[in-house]
Amino acid sequence: MGLVSGLLLLPLAPVRGTLWVADHLLQEARRQTGDPRAVQARLAALNRALEEGAIDEAAFEEEEERLLARLDSPVRYTGHHRGGAS
């Protein structure tokens, strides 16, 4: 990148930095939500919350169903479906 184009793009640096951070946060969120160990840890925390009375049975069942669906989902780690590109 030349000096002139670098100077012209300088005002966009904060936007580019923010987009970079947002992209990395999204990738990490996808990795964590697709990681079976993270889902299992959330299930364990959900069970503790139910046992401690922090949530009721209906809230427990709703969240448990959502988490179990993640474990059954073919989407893992990268956010792509197995056997094909998305």
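- The protein chain has the name Gas vesicle protein GvpG in an unreviewed UniProt entry, where Streptomyces indiaensis is given as its organism.

## A few points about the overall build of the protein chain
Step number 1: Along the backbone of the protein chain there are four helices and zero strands.
Step number 2: Counting from the amino terminus, helix and strand elements in the protein chain follow one another as α-α-α-α.
Step number 3: Burial status across the protein chain gives 10% buried among its 86 residues.
Step number 4: In the protein chain, of all internal contacts separated by at least 6 residues, the share reaching a separation of at least 24 is 45%.
Step number 5: Summing over all exposed atoms, the protein chain offers an accessible surface of approximately 6,700 Å²; the carbon and sulfur share of this is 61%.

Reading the values: the criteria
Residues numbered from 1 in each chain as written. Predicted model: local features only at pLDDT ≥ 70, side-chain atom pairs only at ≥ 80, totals over all residues. Heavy atoms only, no water. Helix = DSSP H or I, 4+ residues; strand = E, 2+ residues; numbered from the N terminus. Buried < 20%, exposed > 50% of the residue type's maximum accessible area, 1.4 Å probe, protein only. Contact = heavy atoms within 4.5 Å. Areas by Shrake-Rupley, 256 points an atom, 1.4 Å probe, with all protein chains shown as cover.

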